[in-house]
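The lines below spell out each chain.
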Amino acid sequence: MATTAASPQRDGYARGARILSIGIASTGIFTFAYFAVASHVLSRQDYGAVSLLWSVLFVVISIIYRPVEQLLSRTIALRRATGRTGGHPLRTPATIQLAFATGFLGVALALRERIENAFDGSSTLYGVFVVATCAYAVSYFARGWFAGHEWFGLYGGLVLFESVSRFCFPLAVAVGLASGQTAVALGIAAAPVASLLVLPWAAGRGEGAGAARSQGLSLREGGGFALSVAGVQLAEQTLLNAPVVIVAAQVDSVLAGVVFSALLIARAPLQLFQSVQTSLLPHLAGGGDTGRAVRVTVLAIAGFATAVAIVLLAIGPWAMDVLFGRIHHYERIGLALLALGMGLHLVAGTLNQAALATGRAAAAAACWLAAAATFVLFVAAAPIDDRLLRTEVGYPAAAALLAAMLWALYRAPAAAAISR
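Treat the numbers as computed from the prediction; the structure is a model and nothing was measured.

**Student:** Residues and numbers for the packing of aromatic side chains, please.
**Tutor:** Taken as a whole and judged by the stated rule, the model has 14 aromatic pairs. Residues Phe-375 and Tyr-395 carry aromatic rings whose centres are separated by 6.5 Å and whose planes lie at 65° to one another, so their mutual orientation is edge-to-face. Linking Phe-375 in helix 14 (residues 361–381) with Tyr-395 in helix 15 (residues 387–411), this pair joins segments that are 20 residues apart in sequence. By relative accessible area, Phe-375 is classed as buried at 1%. Owing to a relative accessible area of 0%, Tyr-395 belongs among the buried residues under this scheme.

Structural data, given as structure tokens:
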């Protein structure tokens, strides 16, 4: 009986990952294309400012919105695993999401002048930043709802609509329908709004009626989980974006754009990996085979990262010139190191989902924050003059440290887990 029950769970996880992989792979391609086209139609200064906007935006939305996505996904999956298919708790996650969004808006308004100065004094980029961040509150809430119900087609459609609509803006500039930095940047604000076009399809699903009236999850419990995941997201976004922000502050936005373009080697696969993460958490929280799922995922990541590193050793500098123009000469060894760091980062993400599913969110957050703090100190003060090389060396080292700590947590006795 156990084998029979486990098979649908394994099949559901694999099917969900495949469906999401199509949507999110397409999303990764269009996101990469957005910046590739933008780098050709904008000056180096304008491209660097848009890159910085993107980096800061995704630090913020990942920290304040991804926790609620994961909270909804895990909570709904746990309830469905015990046969409770209706009345899923929305009140607590919605309260947390609203509090995060309101807090952001207050801070953004109070620090408007400083934020505009960071974007080369552009009030337009500031407006895009604020509008996009507020719009993503709804988008990430929908993602958590879709993932918990395993509506992976809708999830993939949401992120695909988002990336395609964003790409249309630099494309319009490239073909002469629009011009300038403002036209390119507006795509960042329009994308989360366009992604909500999938909601009418979700409204036709009957499951979850009356959810807004069902509590089921205390604010303390949900808030604790969300704060732990916020720590994880802060650390993850630090690994991806701290070098861009630090270089922009210490040097200029031109060099920041160079570092950002190199880190797309890590960012694009990590975005693709969201398909695995999104389907992995509800699978494990719902009682799936943790050992098998983690083992298969890690082996697939190892093969993928090795293949990417080999390709970058062979044609990395040429590919970067083609995609981003000759804005900088990238060394093949440095690019390959970023690919290996990406693989270790993906392994850490897999182990993190296992920790969240088994109630070890706080311990996982501590691992992420320690690795991120080490990385920031290295990038800010390492005795390496080349700022890009600092990132190429520091990122894989920090990812290796993180993966090792999370592996130790994963192998720790179950009794050490924090209560769900």
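**Student:** I'd like to hear about the nonpolar core, residue by residue, with values.
**Tutor:** Ranked by internal contacts, the top residues of the largest apolar core, which has 121 residues, are Phe-129, Tyr-136, Phe-146, Ile-188, Tyr-395 and Leu-406. Excluding its chain neighbours within four sequence positions, the residues that come into contact with Phe-129 are Leu-53, Val-56, Leu-57, Val-60, Phe-104, Ile-115 and Phe-119.

**Student:** Go over a nonpolar patch on the surface, please, and point to the residues and values.
**Tutor:** The grouping of Val-311, Ile-315, Trp-318 and Val-322 at the surface amounts to a nonpolar patch, some 400 Å² of accessible area in total. Relative to the helices and strands, Val-311 is located in helix 12 (residues 290–324).

**Student:** Account for helix 12, naming residues and giving values.
**Tutor:** The first and last C-alpha atoms of helix 12 sit only 40 Å apart over 35 residues, clearly below the 51 Å expected at 1.5 Å per residue. Along helix 12, the sharpest change in direction is near 75° and occurs at Ile-315; proline Pro-317 comes one to four residues later. Where helix 12 terminates, the next one or two residues include Gly-325, which has phi positive at roughly 80°.

Calculation notes
- Residues numbered from 1 in each chain as written.
- Predicted model: local features only at pLDDT ≥ 70, side-chain atom pairs only at ≥ 80, totals over all residues.
- Heavy atoms only, no water.
- Phe/Tyr/Trp six-rings, centres within 6.5 Å; stacked < 30°, edge-to-face > 60°.
- Helix = DSSP H or I, 4+ residues; strand = E, 2+ residues; numbered from the N terminus.
- Buried < 20%, exposed > 50% of the residue type's maximum accessible area, 1.4 Å probe, protein only.
- Core = buried A, V, L, I, M, F, W, Y, C linked by side-chain atoms within 4.5 Å.
- Contact = heavy atoms within 4.5 Å.
- Patch = residues over 30% accessible without salt bridge, like charges linked within 9 Å, V, L, I, M, F, W, Y side chains within 5 Å.
- Areas by Shrake-Rupley, 256 points an atom, 1.4 Å probe, with all protein chains shown as cover.
- Salt bridge = Lys/Arg side-chain N within 4 Å of Asp/Glu carboxyl O.
- Expected span 1.5 Å × (residues − 1).
- Bend = angle between axes of the 7 residues up to and from the residue.

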